[in-house]
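# Secondary and tertiary structure notes
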Amino acid sequence: MGIEEKLPSGVMLTTLEQLAGWARKSSVWPATFGLACCAMELMAVGGPRHDLARFGMERASATPRQADLMIVAGRVSQKMAPVLRQIYDQMAAPKWVISMGVCASSGGMFNNYAIVQGVDHIVPVDIYLPGCPPRPEMLLDAIVKLHDKIQNSKLGAHRQAEIEEREAAGLRRLPLVDVGTPAREVST
Ligand code: SF4
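Procedures and definitions
- Residues numbered from 1 in each chain as written.
- Predicted model: local features only at pLDDT ≥ 70, side-chain atom pairs only at ≥ 80, totals over all residues.
- Heavy atoms only, no water.
- Salt bridge = Lys/Arg side-chain N within 4 Å of Asp/Glu carboxyl O.
- Buried < 20%, exposed > 50% of the residue type's maximum accessible area, 1.4 Å probe, protein only.
- Helix = DSSP H or I, 4+ residues; strand = E, 2+ residues; numbered from the N terminus.
- Pairing = 2+ DSSP bridges.
- Right-handed = clockwise from strand over helix to strand, strands pointing away.
- Expected span 1.5 Å × (residues − 1).
- Arc of directions from axis to C-beta.

Here we come to the pattern of salt bridges. By the definition in use, this model includes 7 salt bridges. As a salt-bridge pair, R172 and E165 come within 3.7 Å of each other at their nearest N and O atoms. On the basis of relative accessible area, E165 is assigned to the partly exposed category, the value being 45%.

Right, here's the structure in full:
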């Protein structure tokens, strides 16, 4: 693809967005990327009980060049971080990332120097999945939500407008901490 990025906004681009979104969400190929115990639940999703093939996603790719979804299943060690990034860089674009479990999302119980405290320090994450470990049903739910996101992705002029709107909303956002509030007096 690429020509859709040049199209002006309008009915044609909207129709093309829907078509491209449907085609992309119906042909997601996950990369095999189990790092720890969460990978057991990830593998269970491919079994007959949960049957990932219903979404056309049963083909787990052993080469990143034929994959566009990375499911980070487990804690990411400092040693593994550059490897993970290299695999992400080699994946076909557009590509998506699901952070599966608390360890991948925030380091979880491994609050130490050997573990990356959140895989979003290494790659952009589209969906965060809580739990230790998340059940296969939770992963399926995350996949369905990712499909919705892919289906509603913008292209060309619409994407540019969306980026500008998000930037403007970010600048309008108020700080969460009121730095002007005086410290509470402590009675003795
Ligand atoms: S979230 Fe729990 S199951 Fe998943 S890798 Fe961490 S410790 Fe293992």
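Here we take up the pairing of strand β2 (residues 69-73). Of all 5 residues in β2, 5 are buried; the element is thus mostly enclosed. Taking every second residue as pointing to the same face, both faces of β2 are buried, with L69, I71 and A73 on one and M70 and V72 on the other. Note: strand β1 (residues 30-31) against β2, 2 bridges, orientation parallel. By the bridge assignment for β2, P30 is matched with L69. Between the parallel pair β1 and β2, the chain is carried across by helix α2 (residues 38-45), and the sense of this crossover is left-handed. Inspection of the sheet shows β2 paired to strand β3 (residues 96-100) by 5 bridges, in the parallel sense. Bridge pairing in β3 links V72 to S99. Crossover connection from β2 via helix α3 (residues 81-90) to parallel β3: handedness right-handed.

Here helix α5 (residues 136-151) spans 22 Å end to end across 16 residues, near enough to the 22 Å set by a 1.5 Å rise per residue. What α5 keeps buried is the set P136, L139, L140, A142, I143, L146, H147 and I150. Buried residues in α5, looked at end-on, bunch into an arc of 160°, giving them a common side.

Looking now at the pairing of β3. Across the 5 residues that make up β3, a large majority, 5, are buried. Alternating residues of β3 divide into W96, I98 and M100 and V97 and S99, and every residue in both groups is buried. Bridge count between β3 and strand β4 (residues 127-129): 3 bridges; the pairing is parallel. Paired with S99 across the two strands is Y128, which belongs to β4.

This next bit is on unusual backbone geometry. Here the residue pair A93 and P94 is connected by a cis peptide bond, since its omega of -5° sits within 30 degrees of zero. Looking at where P94 falls in the secondary structure, it is placed in the loop between α3 and β3. Of note, the amide linkage connecting C132 to P133 takes the cis form, showing an omega dihedral of -15°. With respect to the helices, strands and loops of the structure, P133 is situated in the loop between β4 and α5. Look at D51: it is not a glycine, yet its phi comes out positive at around 55°. Tracing the backbone shows D51 in the loop between α2 and β2. Residue D51 is classed as partly exposed on the basis of its relative accessible area of 30%.

Worth remembering: the numbers are spatial, not functional.
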